[in-house]
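Per-entry structural report
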Amino acid sequence: MIVVTRLNDSQFAVNPDLIERIHASPDTTLVMVDGAKFIVTESMAEVIEKIAAYRARVIALAHDLPASGPRPVPAPLPEAETAPAVPIRARKK
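Looking at an unreviewed UniProt entry, one finds the protein named Flagellar FlbD family protein and attributed to Leifsonia sp. NPDC080035.

**What about the environment of D9?**
Following the sequence through the fold, D9 ends up in the loop between β1 (2-5) and β2 (11-14). Sequence separation between D9 and T41 is 32 residues; the distance between their C-alpha atoms is 8.0 Å.

**As for the pairing of strand β4 (residues 28-32)**
Among the five residues in β4, five count as buried, and that is most of the element. Residues of β4 alternate between two faces, with T28, L30 and M32 on one and T29 and V31 on the opposite face, all of them buried. Here strand β3 (residues 19-24) pairs with β4 via five bridges, running antiparallel. Residue pairing in the sheet places R21 in a bridge with V31 of β4. What sits between the antiparallel neighbours β3 and β4 is a turn of three residues. When β4 meets strand β5 (residues 37-40), the two strands line up antiparallel, connected through four bridges. Bridging across to β5, T28 finds its partner in V40.

Quick notes on the rules
- Residues numbered from 1 in each chain as written.
- Predicted model: local features only at pLDDT ≥ 70, side-chain atom pairs only at ≥ 80, totals over all residues.
- Heavy atoms only, no water.
- Helix = DSSP H or I, 4+ residues; strand = E, 2+ residues; numbered from the N terminus.
- Buried < 20%, exposed > 50% of the residue type's maximum accessible area, 1.4 Å probe, protein only.
- Pairing = 2+ DSSP bridges.

This is how it looks when you write it as structure tokens:
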């Protein structure tokens with residue numbers, strides 16, 4: 001999430017992956033994929049920089065994760081907790 005500022009100086013966080021477009025004429029407007037619009041005090045360049053920093057932070061965090069090797073196989077459930085397999089029928093067209 002990135003934090004941006006409304007015209008009344010209140011701040012809110014927005015998911016940058018849901019921003020469809022950014023307009024700057026003259027106020028910076030974030031147009032979301034669902035059509036919602038937010039006017040913010042940050043310039044277009046500042047919003048783009050916040051998005052780039054957010055994505056770089058996500059990549060850095062993912063890079064610092066321990067390498068994942070083969071995952072351990074979970075222990076089987078006791079007999080009383082297993083359900084019989086149910087066949088799935090193909091749909092008729």
